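Remarks on the overall topology
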Amino acid sequence: MAKACGKIILFGEHAVVYNMPGIALPILNYFTNVTSYKSELFTCCNDRVLYDFEKEKLNKLIEFIFKELKLDQKIHLHIESSLPISSGLGSSASLSIALIRELHNFYNLNLTKKQINKLAYKCEKIFHGTPSGIDNTVINYEQPVFFQDKTNFIKLNKPLDFVIASTGNRPDTKEIVQEVRKKYEENKNKYQNIIEDIGLIAMKAKKSLELGNLEKIGSLMNQNHELLKELGVSSAKLNLFCEICRQNGAYGAKLSGAGKGGNMIALVDGKTKEKIIEELSILSNNVFYTRVI
Ligand code: MEV
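Only a predicted model underlies this, so the values are computations on that prediction, with no experimental measurement involved.

1. Details of helix 4 (residues 134-141)
Taken across its 8 residues, helix 4 has 8 buried, putting it largely inside the fold. Turning to helix 4, its buried residues number three or more, namely Ile134, Asp135, Asn136, Thr137, Val138, Ile139, Asn140 and Tyr141. The first or second residue beyond helix 4 is Glu142, which carries a positive phi of 50°.

Below, the structure written as structure tokens:
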């Protein structure tokens, strides 16, 4: 059995598609597990109900990986995932990496981590069209990453405590990235400035993470959220969730991932965590706490 974790984008979503830096963290509360058995025929079962278009993407993904790795398909694959789909937690990259890892084990391949990441990036294109590569990278290496044209790892000075709440919407990352691209092409001046400001925040945030300055990290999260609002990728519910967290003592809060729904993340501490979870649970049916070390 092979597994792969989830992720959150702490800073820089969307801007990272335009070669600005982004910061992502692995989330170990959720996993995709893939188990395989020898079989004369290729079969695959999946533990959850998928829409037709999601089934299509899954089939396309599996076909693509087998082709890239030049493997016969004498295998039965069993996929289980606790990661919510299209929620900003990296379900597609997690699925690709878990599948590649399992095939790597089953067929005794000799792939390096770097090769697995490269293939997972190609897989991400099936899901998202023009991905930056940040999702597959953080999930592949399971470490905080500062991602730009190459991957740097961040050594966190202290553990980070997050409350993560789902808005319940399942927006399509590919569509949102395309919408932003359209706006960018139509008004380059305005959007280039926003994107560069987001990049600057990610750079400042790297320093604050290495110093363990939670107040500063929280304040940068708030600033990043404002810029994502200007980019047009927030939603009323995401803004409300952020506001609730700030009013209840979070260091900072922002949307995470493509936006327009999906998840909100808030940086909290032991004192504020319970109250924030309680308040958000009134409005969200999936609120959880995670610690990133
Ligand atoms: C998705 O998790 C983050 C985006 O920046 C897209 C990408 O980086 O590929 C919206």
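There is more to say after this.
2. Structural notes on unusual backbone geometry
Positive phi is not limited to glycine here, since Asn108 has a value of about 50°. The topology assignment puts Asn108 in the loop between helix 2 (91-106) and helix 3 (113-128). Phi at Glu142 takes a positive value of approximately 50°, unusual for a residue other than glycine. Checked against the element boundaries, Glu142 lands in the loop between helix 4 and strand 5 (145-147).

3. Quick look at the pairing of strand 7 (residues 160-166)
The buried fraction of strand 7 amounts to 7 of the 7 residues, a majority that puts the element mostly inside the structure. Burial along strand 7 is two-sided: the residues Leu160, Phe162, Ile164 and Ser166 and Asp161, Val163 and Ala165 are all buried. One ladder, built from 6 bridges, connects strand 7 with strand 10 (residues 287-292); its direction is antiparallel. Looking across to strand 10, one finds that Asp161 is bridged to Arg291. Where strand 7 lies against strand 9 (residues 263-268), 6 bridges are found, and the strand directions are antiparallel. By the bridge assignment, Ser166 is partnered in strand 9 with Asn263.

4. What about the nonpolar core?
Core analysis: the biggest nonpolar cluster contains 59 residues, and Leu10, Phe11, Leu160, Phe162, Met264 and Leu280 have the highest contact counts within it. Here this core takes 8 residues from helix 6 (residues 188-211), the largest share from any one element. Per-domain counts for this core show at least three residues from each of domain 1 (2-152) and domain 2 (155-292). Dropping the residues within four chain positions of it, Leu160 is found in contact with Leu10, Leu25, Leu209, Leu214, Ile217, Leu267, Thr290, Arg291 and Val292. Within the second largest apolar cluster, 38 residues are counted, among which are Phe66, Ile100, Cys123 and Val138.

Rules used throughout
- Residues numbered from 1 in each chain as written.
- Predicted model: local features only at pLDDT ≥ 70, side-chain atom pairs only at ≥ 80, totals over all residues.
- Heavy atoms only, no water.
- Buried < 20%, exposed > 50% of the residue type's maximum accessible area, 1.4 Å probe, protein only.
- Helix = DSSP H or I, 4+ residues; strand = E, 2+ residues; numbered from the N terminus.
- Pairing = 2+ DSSP bridges.
- Core = buried A, V, L, I, M, F, W, Y, C linked by side-chain atoms within 4.5 Å.
- Domains from an automatic or database assignment.
- Contact = heavy atoms within 4.5 Å.

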